[in-house]
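Results of the structural survey
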Amino acid sequence: MKKAVRGLKITGIVLLCLPFALLVLFILWEFFCAAVNNISGILHTQSVMNGYSNSADIEVLDNVTFVGNTSGTGNHTEVRSTVLVKAANRSDLEYRTNGDNYQITSLTEEIPEYKLDRWNRELEMPYESDGCYVVEVYGDVPFPDSIIGH
C-alpha cells in the first residue's frame, strides 16, 4: 500500500512539473535559435566583406549587421548586412557582391529620408561622399521563425 501511495505522489509531482519543464525547454529553444541566427548574421556580413577584400579598388569603411524582420510584417527573421564602401565604380561593386538580393546606393544620389536616418544611426558616414556607396545584402538565417523577427 505504501508503494502505491508513493507511486501516485511521484506521478502527481511529475504531471504538475511537466508543463513548467516544457515551458523552460521552449524558452531555451528560442534563446538557442536567436543565438544561432545572430552568429549566422555575423558570418553573412563577413562573407559580403570578403568579396570586397580581394579588390584593390574597393575600401570597406564601415559595416553593420541586423538580424530580425527587415520588411516590417513581423512574421519571419532574416539578415541584412549593410556595408559602407568607397569604390572606383559601381560595376566593380556589383561584380564582387555576394548574394542574390542586394541594393547598392550611391551617397551622391537622392536617398529616402528613412534610409538616410537609419544609416546615420548605424554607420559612421564619411564627410566626403564622392565614390562612397552603401551596399545592403539580404539573406536567410537558419531559424526564420525565431522570436527575433516577431
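Look above for the structure.
Let us look at the structure shown here. (Residues numbered from 1 in each chain as written. Predicted model: local features only at pLDDT ≥ 70, side-chain atom pairs only at ≥ 80, totals over all residues. Heavy atoms only, no water.)

**Some points on the side chain of Thr45**
For the record, the criterion: Helix and strand labels come from DSSP, where a helix needs a run of H or I of at least four residues and a strand needs a run of E of at least two; each type is numbered from the N terminus. The contact criterion used is simple: two residues touch if any of their non-hydrogen atoms lie within 4.5 Å.
For Thr45, the position within the fold is in helix α1 (residues 2-53). Those residues in contact with Thr45 that sit more than four places away from it in its chain are Asn63, Val64, Thr65 and Ser81.

**Details of the nonpolar core**
Rules: Residues belong to one nonpolar core when they are buried, are Ala, Val, Leu, Ile, Met, Phe, Trp, Tyr or Cys, and are joined through side-chain atoms within 4.5 Å. To sort residues, take the accessible area from a 1.4 Å probe on protein chains only and compare it with the maximum for the residue type: under 20% means buried, over 50% means exposed, and anything in between is partly exposed.
Counting 12 residues, the largest nonpolar core is built from Val48, Met49, Tyr52, Ile58, Val83, Val85, Ala87, Leu93, Ile104, Tyr133, Val135 and Val137. Contributing elements (two or more residues each) for this core: α1, β2 (78-87) and β4 (132-139). Among all residues touching Ile58, those that are not within four sequence positions of it are Tyr52, Val85, Lys86, Ala87, Asp92, Leu93 and Arg96. Counting residues in each nonpolar core, the second largest holds 7 residues, with Leu107, Trp119, Cys132 and Val134 among its members.

**Side note on the packing of aromatic side chains**
Put simply, the test is: Centres within 6.5 Å are what make two rings of Phe, Tyr or Trp a pair, Trp counting through its six-membered ring; a difference in plane orientation under 30 degrees is then read as stacked, over 60 as edge-to-face, and the rest as tilted.
Tallied over the entire structure, the rule returns 3 aromatic pairs. Seen from their ring centres, Trp29 and Phe32 are 5.5 Å apart, and the 35 degrees between their planes marks the pair as tilted. On the criterion of helical spacing, the pair formed by Trp29 and Phe32 is a turn pair, its members being 3 residues apart in helix α1. On the accessibility criterion, Trp29 (44% relative accessible area) is partly exposed.

**As for the pattern of salt bridges**
When their charged atoms lie close together, side chains carrying opposite charge are able to pair. Keep this limit in mind: The rule for a salt bridge is simple: a side-chain nitrogen of Lys or Arg has to be within 4 Å of a carboxyl oxygen of Asp or Glu.
Scanning the model with the defined rule gives 6 salt bridges in all. The shortest N-O distance in the salt bridge between Arg90 and Glu94 comes to 3.6 Å. Here Arg90 pairs with Glu94, and both are found in helix α2 (residues 90-96), just 4 residues apart, close to one helical turn. Take Arg90: its relative accessible area is 31%, and that puts it in the partly exposed class. With its nearest N and O atoms 3.6 Å apart, the salt bridge here joins Asp92 to Arg96. Separated by 4 residues within a single helix, Asp92 and Arg96 lie in helix α2, roughly one turn from each other. Judged by relative accessible area, which is 15%, Asp92 ranks as buried. Residue Arg96 is classed as partly exposed on the basis of its relative accessible area of 23%. By sharing partners, the salt bridges in this structure join Arg80, Arg118, Glu122 and Glu136 into a single network.

**Comments concerning the environment of Asp57**
By secondary structure assignment, the location of Asp57 is in the loop between α1 and β1 (58-68). According to the relative accessible area criterion, Asp57 is partly exposed, its value standing at 48%. For the pair formed by Asp57 and Gly72, sequence separation is 15 residues and the distance between their alpha carbons is 35 Å. Leave out the neighbours within four places in its chain, and Asp57 touches Lys86, Ala87, Ala88 and Asp92.

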